[in-house]
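Below are the chains, spelled out letter by letter.
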Amino acid sequence: MMRQAGRYLPEYRAVRTRADFLTMVRTPELAVEVTLQPVDRLKVDAAIIFSDILVVPQAMGMRLSVEDGVGPRFHQPLRSPADFERLREIQPEDSLSYVLDAIGIARRELNGRVPLIGFAGAPWTLLSYMIEGSGSKSFSYAKRLLVQDPALAHRVLGLLGRTVGEFLVAQVKAGAQAVQLFDSWAGSLAPSDYTQFALPYMSQAARLARSAGAPVIVFAPGAGWALELLARESGADVVGIDWQTEAADARRRLQASAVALQGNLDPCWLYAEPSLIRERTRRMLEAFGGTGHIANLGHGILPDVPVDHARAFVDAVREWRCP
């Protein structure tokens, strides 16, 4: 599950009493500890390295904080051409070595029990955070750049596409057995703008990552209209499906593609009683068709979901069999 190592687990909250979020991310031993928690507690079929998509712009020179109840914040967002000039090009093996070290330790600790997945944010989503400074409803600052200085937008998005792709390659070399690209703010753009400013650079990162030899997953929540484009342009092995998209429709639209699908239970259904979670999960699995499918949520698990309810979802997937 996306965000499967997180606040809904009491073991995670216990670690948080000892360290703040970014300290956990930047300390390989702590990152590995929480990475393994859902594997031990829920018996999920894969571990996801504990990290954050914003480590890339942080490594590029932006000052980041993550506060409880507030979320991530860049204290000097990019607003002028001079601001963008402060960004530095990075080598992931140097600037993001703590993530790679955590991946190596996690692989050894897992000892083959389940695969390990790495991830990164897609260029448009990273640029949105870097310009807005935090999450946004309108994305007016980020979208203003596309309108007023498209050449600068393309230049920075190209830099991010290359950097993210190289970071994913480094994760595979460090031991990740699959990697995922999150374009969390894909739905903030109109289709024509998404195809011009976001999709090419997500595809750049995905194709570079794929050169490392591990499967690549792409996920663009809010852009269900673009599933065929995502599959074709990114060259990814798996396309994530959000909860706003009907699973059966996604299967029909992508049946000619060589991609597997991932998704897409609405995380809010994990508030239901376990019996209803199991029923909704069964219906989701049947809609996806039973093959070429990674069962997952259609977005990240919410922090106050009961652990037993998360386990009911995992158990339902494990118990279900194709007719």
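Placed above this text is the structure.
Residues numbered from 1 in each chain as written. Predicted model: local features only at pLDDT ≥ 70, side-chain atom pairs only at ≥ 80, totals over all residues. Heavy atoms only, no water.

## Looking at the sheet that holds strand β5 (residues 178–182)
- Read from one edge to the other, the open sheet built from seven strands follows the order β1-β4-β5-β6-β7-β8-β9, with strand pairing classed as parallel. On the outer flanks of this sheet lie β1 (47–48) and β9 (293–297), each paired with one strand and no other.
- With two bridges connecting them, β1 and strand β4 (residues 116–121) associate as parallel partners. From the neighbouring strand, Ala47 faces β4, where its bridge partner is Leu116.
- On the sheet, helix α11 (residues 191–210) packs against β5 and β6 (216–219) and is oriented at approximately 165° with respect to β6. (Pairing = 2+ DSSP bridges. Helix = DSSP H or I, 4+ residues; strand = E, 2+ residues; numbered from the N terminus. Contact = heavy atoms within 4.5 Å. Axes fitted to C-alpha atoms, helices over the stretch in contact; angles between N-to-C directions.)

## Here's the deal with the packing of aromatic side chains
- Inspection of the entire model under this criterion finds seven aromatic pairs.
- Ring geometry for Tyr129 versus Trp185: centroids 5.9 Å apart, planes at 55°, classification tilted. Note that Tyr129 is positioned in helix α8 (residues 123–132) and Trp185 in the loop between β5 and α11, a separation of 56 residues in sequence.
- A residue is classified by how much of its surface remains accessible, and Trp185, at 24% relative accessible area, is partly exposed. (Phe/Tyr/Trp six-rings, centres within 6.5 Å; stacked < 30°, edge-to-face > 60°. Buried < 20%, exposed > 50% of the residue type's maximum accessible area, 1.4 Å probe, protein only.)

## Let's talk about the pairing of β9
- Taken together, the five bridges between strand β8 (residues 260–265) and β9 define a ladder with parallel strand orientation. By the bridge assignment, Asn264 is partnered in β9 with Asn296.
- Following the backbone out of β8, through helix α14 (residues 274–288) and into the adjacent parallel β9, one traces a crossover that is right-handed. (Right-handed = clockwise from strand over helix to strand, strands pointing away.)

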